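Listed below, chain by chain, are the residues.
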Amino acid sequence: MQKKQNQKAWFLVLPVFLLVAFSAVIPLMTVVNYSVQDSFGNNEFYWVGTEWFIEILNSERFHGALGRQLLFSAIILAIEIPLGIWIALKMPKKGWGASLCLVLMALPLLIPWNVVGTIWQIFAREDIGLLGHTLAAMGIDYNYTQVALDAWITVVVMDVWHWTSLVVLLCYAGLSSIPDAFYQAAKIDGASRWAVFRYIQFPKMKRVLLIAVLLRFMDSFMIYTEPFVVTGGGPGNATTFLSIDLVKMAIGQFDLGPAAAFSLVYFLIVLLLSWVFYTVMTARDGDAS
Amino acid sequence: MAEIHLKDMAHSYLPNPTGPEDYALKGLDHIWEDGGAYALLGPSGCGKTTLLNIISGLLTPSKGSVRFGDKDVTKLDTAHRNIAQVFQFPVIYDTMTVRQNLEFPLKNRGMAAADIEARVGEIANMLDLTDQLDKPAANLSADAKQIISLGRGLVRSDVNAVLFDEPLTVIDPHKKWQLRSRLKELHQQFGFTMVYVTHDQTEALTFADKVVVMYEGEVVQIGTPEELFERPAHTFVGYFIGSPGMNILPATVEGRTATVGDHKIALGADYGTLKGKTEIGIRPEFLKLTDGDTATVETIEDLGRHKIVRVAYAGHSLAVLVPENQPVSPGPTGLVFDPARTLVYRDSHLVRGAK
């Protein structure tokens, strides 16, 4: 059948192009524009080329924040993914228990970020917070405003509390798609609990796990609100992650050029690492099937 | 291999069943002979799958016992029962190759690697899977997957019985016939006891030596396909087997005569005086249309080989199978019952008359 070729379909995607242009491309280009210029106010700009990029990439401050950020994301993934899988496996499959668990799991996800921060900020306070006060009463020396390790523990536990549910819900969805016959067949084949997980449950969860890992990586790598509310990046620079540092630089010090360069480098790192995760996980998937 | 004996067995999914309506299986006492090919036939929800799961050990019956040969296995778990089961939807370990799928049950039982390889090779050879052994199992067609699930059962040399739970549901129609004859062939070759669950009568009748018909949690008849056709023990069997099913008419039975409305019908045996709900049943194959006006032809379906004629008789609609060469036209007609083939049912169960 001969069909007339034309390019009219492009008109149909034009609105989306415009929308994306105004919401993403143009702001991004503004940042690119700032990153290669210097300004002394008065709306006067001077071309500086890659100077800001070189400065950022060589700065101790950036290295410190990046290192803390990578460590934080690694800890978050190492805790939330296995914990999420484990909880999803333990959750009841049917009946009122299943509904109750789903509601309980969804609750933390419904709380706004800064509210989560405030909750934990108060919860962990030594003078009035339930957690902080209890720990102090038990003789444990815990103070997240003074001790770097305590601040880290607080921020990590808070994130685990807030976001493990997401991993649980995704894994649970993957698990629910497995027909009973698979478990029955495994019993007949004499499979161990581990074999059932390894050959039935894990393969079915793999696709949603990819999404879970990507979401949790990107989110934790860009974390801002909660540590900002709880610790403000302190004590010292102990919990100053990339976003917090960036905001300090851009808004606090009003260093537009370096902040713009910082933003672009940050963006490229998130993009690169997400791509690495995606490629590694889907490549293994390809081998298997 | 051993015979399977279900002794006074009943099962309810409720923790504290009170009446018979709480039971999914209402009392069964049946021996499945070693090496037999059985079909378990019945409509959806009649307890077929429950029965199958009890044999395979996925369910423990509320009452009674399950014995394999001399051994009571009621409380034994599935892995130790030496049962293979093929499910409605192909169950394949997606991440494995065909070979790994076949090896899986043996590895789980800790068999030596050399023995596993020999056994898998042997089974693959019998199932014609040799050239596909190293392919990923996930990409195969549904019928090939069903063969592999069967293979996973057969690799174990100690299999007592192979259970099939509607295994052809997801198979393309033109492959169904092929796979069915393949399964039959394998049964003859291996000699395992085979229990085949289906709600398709053609499948059951062509497949099995003996057909077990279930209805509302009870076995209503066990018999060869011929017995089911000629002497259904229960009106449900008459209705369920055959296409169209048996005609069932409420009637009063007295000696050698059944009375339906104003019509008297001669019977092949003496039934005395029957109390309770009495009905007569006759297959459409054994009714004849003649000259006369006792009945009225209502509709005619021409199937090419024969015609199915619906006639109104004493206020009831009956199906009559008419040979292709006999002309039929709507309107009054005579209707002849074959006395030897007219069966009498009391409370839905077949009554045997005296000669």
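Here the structure is a predicted model, which means the values were calculated and not measured.

## Digging into the overall build of chain A
Link 1 in the chain: From N to C terminus, chain A includes 12 helices and two strands.
Link 2 in the chain: Scanning chain A from its N terminus toward the C terminus, one meets helices and strands in the order α-β-β-α-α-α-α-α-α-α-α-α-α-α.
Link 3 in the chain: For chain A, whose C-alpha radius of gyration is 24 Å, the value lies well above the compact-globule estimate of 19 Å for 289 residues.
Link 4 in the chain: The buried share among the 289 residues of chain A stands at 40%.
Link 5 in the chain: Look at the contacts in chain A between residues 6 or more apart in sequence, and 67% of them connect residues 24 or more apart.

## Structural notes on a negative patch on the surface
Link 1 in the chain: On the surface, Glu3(B), Glu33(B), Asp34(B) and Asp70(B) cluster together to form a negatively charged patch.
Link 2 in the chain: Since its relative accessible area comes to 74%, Asp70(B) is described here as exposed.

## A look at the sheet that holds strand S14 (residues 263-266) of chain B
Residue and element names in this part refer to chain B.
Link 1 in the chain: If you trace the three strands from one edge of the open sheet to the other, you get S12-S13-S14, paired in antiparallel fashion. At either margin of the open sheet sits one strand with a lone partner, and together these are strand S12 (252-254) and S14. Each adjacent strand pair in this sheet contributes to an overall mean axis angle of 25 degrees, direction not counted.
Link 2 in the chain: Here three bridges tie S12 to strand S13 (residues 257-260), and the two strands are oriented antiparallel to one another. Each residue of the ladder has a partner; that of Thr252, found in S13, is Thr259.

## A few points about the packing of helix H3 (residues 60-90) of chain A against helix H11 (residues 242-252) of chain A
All names here are of chain A.
Link 1 in the chain: In the contact formed by H3 and H11, the axes pass within 8 Å of each other and the chain directions differ by 150 degrees. With respect to H11, the element H3 is oriented roughly antiparallel. Packed against H3, whose contacting residues are Arg61, Phe62, Ala65, Leu66 and Gln69, the element H11 presents Leu242, Ser243, Asp245, Lys248 and Met249 at the interface.
Link 2 in the chain: Residue composition of the contact of H3 with H11, by class: five nonpolar, two polar and three charged.

## Side note on the packing of H3(A) against helix H9 (residues 193-221) of chain A
All names here are of chain A.
Link 1 in the chain: In the contact formed by H3 and H9, the axes pass within 10 Å of each other and the chain directions differ by 145 degrees. Classified by chirality, the crossing of H9 by H3 is right-handed. Contact residues: Leu66, Gln69, Leu70, Phe72, Ser73, Ile76, Leu77, Glu80, Ile81, Ile85 and Leu89 in H3; Arg193, Phe197, Gln201, Met205, Leu209, Ala212, Val213, Arg216, Phe217, Ser220 and Phe221 in H9.
Link 2 in the chain: Of the residues belonging to the contact of H3 with H9, the class tally is 15 nonpolar, four polar and three charged.

## Focus: unusual backbone geometry
Residue and element names in this part refer to chain B.
Link 1 in the chain: The omega angle of the peptide bond from Ser243 to Pro244 is -5 degrees, so this bond is cis rather than trans.
Link 2 in the chain: Along the chain, the position of Pro244 falls in the loop between helix H8 (235-240) and strand S11 (247-250).
Link 3 in the chain: Phi at Ala314 is positive, roughly 50 degrees, even though this residue is not glycine.
Link 4 in the chain: Tracing the chain through its elements places Ala314 in the loop between strand S17 (306-313) and strand S18 (316-323).

## Description of the nonpolar core
Residues and elements named next belong to chain A.
Link 1 in the chain: Core analysis: the biggest nonpolar cluster contains 55 residues, and Phe62, Ile81, Phe221, Leu242 and Phe262 have the highest contact counts within it.
Link 2 in the chain: Secondary-structure elements contributing two or more residues to this core are helix H2 (51-58), H3, helix H4 (95-106), helix H7 (148-176), helix H8 (180-188), H9, H11 and helix H12 (256-288).
Link 3 in the chain: For this core, the leading source of residues is H9, giving 11 residues.
Link 4 in the chain: If we ignore the near neighbours within four places in the chain, the residues touching Phe62 are Ile56, Leu57, Leu242, Phe262, Val265 and Ile269.

What counts, and where the lines are drawn
Residues numbered from 1 in each chain as written. Chains lettered and ligands numbered in written order. Predicted model: local features only at pLDDT ≥ 70, side-chain atom pairs only at ≥ 80, totals over all residues. Heavy atoms only, no water. Helix = DSSP H or I, 4+ residues; strand = E, 2+ residues; numbered from the N terminus. Rg over C-alpha atoms; globule rule 2.2 N^0.38 Å. Buried < 20%, exposed > 50% of the residue type's maximum accessible area, 1.4 Å probe, protein only. Contact = heavy atoms within 4.5 Å. Patch = residues over 30% accessible without salt bridge, like charges linked within 9 Å, V, L, I, M, F, W, Y side chains within 5 Å. Areas by Shrake-Rupley, 256 points an atom, 1.4 Å probe, with all protein chains shown as cover. Salt bridge = Lys/Arg side-chain N within 4 Å of Asp/Glu carboxyl O. Lys, Arg positive; Asp, Glu negative; His and termini not counted. Charge placed at Lys NZ, Arg CZ, Asp CG, Glu CD. Pairing = 2+ DSSP bridges. Axes fitted to C-alpha atoms, helices over the stretch in contact; angles between N-to-C directions. Parallel < 35°, antiparallel > 145°, perpendicular 65-115°, else oblique. Nonpolar A, V, L, I, M, F, W, Y, C, P; charged D, E, K, R; others polar. Left-handed = near helix turned anticlockwise from the far one by under 90°. Core = buried A, V, L, I, M, F, W, Y, C linked by side-chain atoms within 4.5 Å.

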